[in-house]
Amino acid sequence: MNTEPINPNETPQPEEFGIGRLLRDAASLIKGMAVTLGYLLRPSRIVTRPYPENRDTLKFPQAFRGEVVMPHDEQGEHNCTACTLCEKACPNGSISILTTKNIAGKRVLGEFVYRLSSCTLCNLCIEACPFDAIRMGHGFELSGYTRDELDRILNKREGR
Ligand code: SF4
Ligand code: SF4
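Residues numbered from 1 in each chain as written. Chains lettered and ligands numbered in written order. Predicted model: local features only at pLDDT ≥ 70, side-chain atom pairs only at ≥ 80, totals over all residues. Heavy atoms only, no water.

**Here's the deal with the environment of C129**
Step number 1: Mapped onto the elements, C129 comes out in the loop between α3 (124-128) and β4 (135-136).
Step number 2: When its relative accessible area of 17% is taken as the criterion, C129 is described as buried.
Step number 3: Here the alpha-carbon distance between C129 and T84, two residues 45 residues apart in the chain, equals 8.7 Å. (Helix = DSSP H or I, 4+ residues; strand = E, 2+ residues; numbered from the N terminus. Buried < 20%, exposed > 50% of the residue type's maximum accessible area, 1.4 Å probe, protein only.)

Below is the structure:
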């Protein structure tokens, strides 16, 4: 092992060309070609997906983080109580909970504003929610031409 101290003022020199380097480069090339040959001989090992034709049949691991979504039941209801814990947990300010009052005068969720453009998919908002009202979806085509296109209202209608 080289125990000489490193001189920060010394400029590193490129490795000199020689028989050793030639052999290493040749070995690396052969290794790469062997991988290619392996796939040619056994195409069943190829994992390339025919995107976008397979869009509707793609399967994702449960832990895949696409974007934050709010599940609704068949009646269009969700579990969000507008407690704002997710909004407070988000380190990027990507969530805004706008509240309103229902006909009974109770404070309820008006709009759950989610800004995908600043979301880092860290999952902190999901972990903070005590009502299991939001989760990570499996969306994967998450681009747009403007930042506004990446703003989402997650609730479909006034909840409980
Ligand atoms: S996943 Fe992270 S960054 Fe995105 S909204 Fe939730 S807390 Fe904020
Ligand atoms: S999603 Fe959960 S944490 Fe966020 S406001 Fe609704 S109930 Fe509260």
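There's plenty left to go through after this.
**What about the site of ligand 2?**
Step number 1: Residues in contact with ligand 2 amount to 14 residues; listed here are only the nearest, C80, C83, T84, C86 and C129.
Step number 2: Looking at the shell around ligand 2 residue by residue, the class counts come to twelve nonpolar, two polar and no charged. (Near = heavy atom within 4 Å. Nonpolar A, V, L, I, M, F, W, Y, C, P; charged D, E, K, R; others polar.)

**Thoughts on the nonpolar core**
Step number 1: The biggest cluster of nonpolar side chains holds 20 residues, and the ones touching the most others in it are V68, F112, Y114 and I134.
Step number 2: In terms of residue count, the dominant contributor to this core is strand β3 (residues 107-115) (three residues).
Step number 3: Among residues more than four places away in sequence, those in contact with I134 are V68, V69, M70, P71, C86, F112, C125, I126 and C129. (Core = buried A, V, L, I, M, F, W, Y, C linked by side-chain atoms within 4.5 Å. Contact = heavy atoms within 4.5 Å.)

**Quick word on the sheet that holds β3**
Step number 1: One open sheet holds the three strands; their spatial order is β2-β3-β5, and the pairing between them is antiparallel. Every interior strand has two partners, whereas the edge strands, β2 (95-101) and β5 (151-153), have only one. Across the sheet, the mean angle from the axis of one strand to that of its neighbour is 25°, orientation sign disregarded.
Step number 2: Pairing of β3 with β5 involves three bridges; the strand directions are antiparallel. Directly across from V113, in β5, lies its bridge partner I153. (Pairing = 2+ DSSP bridges. Axes fitted to C-alpha atoms, helices over the stretch in contact; angles between N-to-C directions.)

**Re the environment of E111**
Step number 1: Along the chain, E111 falls in strand β3.
Step number 2: For the pair E111 and I153, spaced 42 residues apart in sequence, the C-alpha to C-alpha distance is 6.2 Å.
Step number 3: Not counting residues up to four positions away in its chain, the partners in contact with E111 are S96, I97, L98, I153 and N155.

**Remarks on the site of ligand 1**
Step number 1: Surrounding ligand 1, one finds 14 residues, the nearest of these being C90, C119, C122, N123 and C125.
Step number 2: Classifying every residue of the shell around ligand 1 gives ten nonpolar, four polar and no charged.

**Side note on unusual backbone geometry**
Step number 1: Y51 connects to P52 through a cis peptide bond whose omega is 10°.
Step number 2: As for its placement among the helices and strands, P52 is situated in the loop between α1 (19-41) and β1 (68-69).
Step number 3: Of note in the backbone geometry, T84 takes a positive phi value of approximately 70° without being a glycine.
Step number 4: By the element assignment, T84 lies in the loop between β1 and α2 (85-89).
Step number 5: Judged by relative accessible area, T84 falls into the buried class, the value being 11%.
Step number 6: A positive phi angle, close to 60°, is found at L121, a residue other than glycine.
Step number 7: For L121, a relative accessible area of 23% translates into the label partly exposed.

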